[in-house]
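Chains, contacts and geometry: an overview
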Amino acid sequence: LKKPPKESSPPKASDSGDKPKKEKKDPNAPKRPCSAFILYSNATRSDVKTVNPNASFGETAQILSKQFKALSSDERVVWDKKVADDKDRYQKEMAVYSAGGPPPEEQATAVVSSALPTNTPKTPSLKKRKKLDVSAASANLFASFLKKKLKTS
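Residues numbered from 1 in each chain as written. Predicted model: local features only at pLDDT ≥ 70, side-chain atom pairs only at ≥ 80, totals over all residues. Heavy atoms only, no water.

Points about the overall build of the protein chain
- If you tally the helices and strands in the protein chain, you get five helices and zero strands.
- Burial analysis of the protein chain (153 residues in total) assigns 10% to the buried set.
- Long-range contacts, defined as pairs at least 24 residues apart, comprise 71% of the intrachain contacts of the protein chain with a sequence gap of at least 6.
- For the protein chain, the accessible surface area stands at approximately 14900 Å², while carbon and sulfur atoms represent 58% of it. (Helix = DSSP H or I, 4+ residues; strand = E, 2+ residues; numbered from the N terminus. Buried < 20%, exposed > 50% of the residue type's maximum accessible area, 1.4 Å probe, protein only. Contact = heavy atoms within 4.5 Å. Areas by Shrake-Rupley, 256 points an atom, 1.4 Å probe, with all protein chains shown as cover.)

Structure, rendered in structure tokens:
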């Protein structure tokens, strides 16, 4: 005996207003603090790549993960200290950012940028595609190829 197929429920109608739109990230906001693993992997990735030059990106990540998990508690304290320093940096930058002040990198460049001339030409952000020159002979050849019908056996 065959069982009748289960009836699927009709797709739910969703209005475009159901989901709240995701806010765009402010490019001037300070970078969030990194985890101990990210700091460790950024510091030791080049060493791992020199030892394993043929390792793919995923294999390199696996090696870094195994090395990080194998760290002794004394070595781990060093990376945890760096995490705490990075968190302090983030909190200070966030306090300045929340108060409405310019980001730290803009504070340093504000003096330098005031000395530069302001009439520098802007470069267009989008590049135009270069049009390809197709000879009439190759265009005709391609068109004739499309016109041929396939023979059925």
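Text resumes after the structure shown.
Focus on the packing of helix H1 (residues 36-51) against helix H3 (residues 73-98)
- Where H1 meets H3, the closest approach of the two axes is 9 Å, and the angle between their N-to-C directions is 105 degrees. Relative to H3, H1 is oriented roughly perpendicular. On H3, the residues touching Ala-36, Leu-39, Tyr-40 and Ala-43 of H1 are Arg-76, Trp-79, Asp-80, Lys-82 and Val-83. (Axes fitted to C-alpha atoms, helices over the stretch in contact; angles between N-to-C directions. Parallel < 35°, antiparallel > 145°, perpendicular 65-115°, else oblique.)

Brief notes about the nonpolar core
- Core analysis: the biggest nonpolar cluster contains five residues, these being Ala-36, Tyr-40, Phe-68, Leu-71 and Trp-79.
- Not counting residues up to four positions away in its chain, the partners in contact with Leu-71 are Tyr-40 and Trp-79. (Core = buried A, V, L, I, M, F, W, Y, C linked by side-chain atoms within 4.5 Å.)

Some words on the pattern of salt bridges
- On inspection of all chains with the given rule, the structure shows four salt bridges.
- In this structure, Arg-76 engages Asp-80 in a salt bridge whose closest nitrogen and oxygen atoms are separated by 3.7 Å. Highlighted residues: Arg-76 and Asp-80, both in helix H3, separated by four residues, approximately one helical turn.
- Judged by relative accessible area, which is 33%, Arg-76 ranks as partly exposed. (Salt bridge = Lys/Arg side-chain N within 4 Å of Asp/Glu carboxyl O.)

Notes on helix H2 (residues 57-69)
- Taking 1.5 Å as the rise per residue, H2 with 13 residues should run 18 Å; its terminal C-alpha atoms sit 18 Å apart, in good agreement.
- Every buried residue of H2 is accounted for by Thr-60, Leu-64 and Phe-68. End-on view of H2: buried residues confined to an arc of 70 degrees, all on one side of the axis. In H2, the exposed positions angled more than 90 degrees off the buried face are occupied by Gln-62, Lys-66 and Lys-69.
- Here the buried face of H2 lies against H1 and H3. (Expected span 1.5 Å × (residues − 1). Arc of directions from axis to C-beta.)

Details of the side chain of Asp-86
- Here Asp-86 shows up in helix H3.
- A distance of 2.9 Å separates the side chain of Asp-86 from the side chain of Arg-89, its partner in a polar contact.
- Excluding residues that lie within four positions of it along the chain, Asp-86 makes contacts with Arg-32, Pro-33 and Cys-34. (Polar contact = N/O pair within 3.5 Å; in protein donor to acceptor, adjacent residues only side chain to side chain.)

Observations regarding H3
- With 26 residues, H3 should reach 38 Å at 1.5 Å per residue; the first-to-last C-alpha distance of 36 Å fits that figure.
- Within H3, the full set of buried residues consists of Trp-79, Asp-86, Tyr-90 and Glu-93.

Remarks on the confidence of the model for the protein chain
- For the protein chain, the average pLDDT comes to 78, and 61% of its residues sit at 70 or higher.
- Within the protein chain, no element has a lower average pLDDT than helix H4 (residues 104-115), which sits at 50, and none a higher one than H2, at 96.
- Below a pLDDT of 50 lies the segment residues 108-117, which in the model reaches zero contacts outside its immediate sequence neighbourhood of four places, other chains included. (pLDDT = per-residue confidence, 0-100.)

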